[in-house]
Amino acid sequence: MTFNNDPLITYVLRQGDTPLILAQRLCGWCGHAPELEIDLALANIGLDLLGQARNFLGYAAELAGPQYSEDRLAFGRDEREFHNLLLAEQPNGGFNDTLVRQFLIDVYHVQLHQALSSSSDAQLAAIAAKSLKEAHYHLRFSRGWMIRLGDGSPLSRQKIQQSLDNLWRFTAELFHADELELQLAEQGIAADPRQLEAPWLAGVSDTLQQAGLQLPSEQAFRHGGKQGRHSEHLGPLLAEMQFLQRAYPNANW
């Protein structure tokens, strides 16, 4: 189930796959978060992301034809057919790892949805405008905790800094533009990811400064998720997420 011959469908899938995979990751915290308030907050953010994924995948299905649906795109594709960012599929780890992953993506989503809100594609612009309101809320949550833990005890600062250093190598992919994105950006449809890097870095740096954390040094980065080349973590996640639909295809409740 590939749509490489249709750049718009592939691009819309990229926008839907990242929140879908991230929502699945956040669901893993239900009943296991450090405190009830965080448990509920992560669940709510996960539901917001799932709603965003449904909007994008629903639009991709509309573009692909009547034989497709948001459910088929979510549960019927294999690992190499997903286009999410590598950062989104990284394991939850401890709360520090989840928090840093969420913060880095939240800052990105604010910039991305803000840019896509001006897309010449009316449907993309509408989905992005709705998603932007939620992205601001998500960022307020993750940014607040980054500052609270970074400026907390020596142990909390150490853990947050360690997670930041470990996950930083996946951030360059956010701004790695391929031919598909550049082509759609020239048409006014897509956001040019290269133009998102400077405001993203400014937002991240400001938060880290307030939190007393250090911006990680440049390092070799991983990319390929948008093109379907993933880390070893996506397969097990999809096996769990897609199990019911794979075991009972087209089942109705």
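Residues numbered from 1 in each chain as written. Predicted model: local features only at pLDDT ≥ 70, side-chain atom pairs only at ≥ 80, totals over all residues. Heavy atoms only, no water.

Asks: Give me the packing of aromatic side chains: which residues, what numbers.
Replies: Geometry of an aromatic ring pair is reported as the spacing of the ring centres plus the angle between the planes. Considering all chains together, one arrives at four aromatic pairs under this definition. On the numbers, 5.5 Å between centres and 35° between planes, the contact of W168 with W200 is tilted. Taken together, the residues W168 in the loop between α7 (154-167) and α8 (179-186) and W200 in helix α9 (residues 197-211) connect sequence positions 32 residues apart. The buried category is assigned to W200, whose relative accessible area is 2%. Members of the aromatic cluster, each reached through a chain of ring pairs, are Y108, W168, F175 and W200. Directly above the ring of F82 sits R77, whose terminal nitrogen or CZ lies 4.2 Å from the centroid. The side chain of R148 reaches across the aromatic face of W145, ending 4.1 Å from its centre. (Phe/Tyr/Trp six-rings, centres within 6.5 Å; stacked < 30°, edge-to-face > 60°. Helix = DSSP H or I, 4+ residues; strand = E, 2+ residues; numbered from the N terminus. Buried < 20%, exposed > 50% of the residue type's maximum accessible area, 1.4 Å probe, protein only. Lys NZ or Arg CZ within 6 Å of the ring centre and 35° of its normal.)

Asks: Which residues make up the environment of W200, and what values do they have?
Replies: Here the alpha-carbon distance between W200 and H109, two residues 91 residues apart in the chain, equals 9.3 Å. Setting aside its immediate chain neighbours within four residues, W200 contacts L104, V107, Y108, Q111, W168, T171, L174 and F175. (Contact = heavy atoms within 4.5 Å.)

Asks: An account of the packing of helix α1 (residues 7-27) against α8 is requested, with residue identities and associated values reported.
Replies: The interhelical angle for the contact between α1 and α8, taken along N-to-C directions, is 105°, at an axis separation of 10 Å. Here α1 is positioned roughly perpendicular relative to α8, judged by the angle of their axes. Contacts from P7, L8, T10, Y11 and R14 in α1 reach L180, E181, Q183 and L184 in α8. For the contact of α1 with α8, a count of residues per class yields five nonpolar, two polar and two charged. (Axes fitted to C-alpha atoms, helices over the stretch in contact; angles between N-to-C directions. Parallel < 35°, antiparallel > 145°, perpendicular 65-115°, else oblique. Nonpolar A, V, L, I, M, F, W, Y, C, P; charged D, E, K, R; others polar.)

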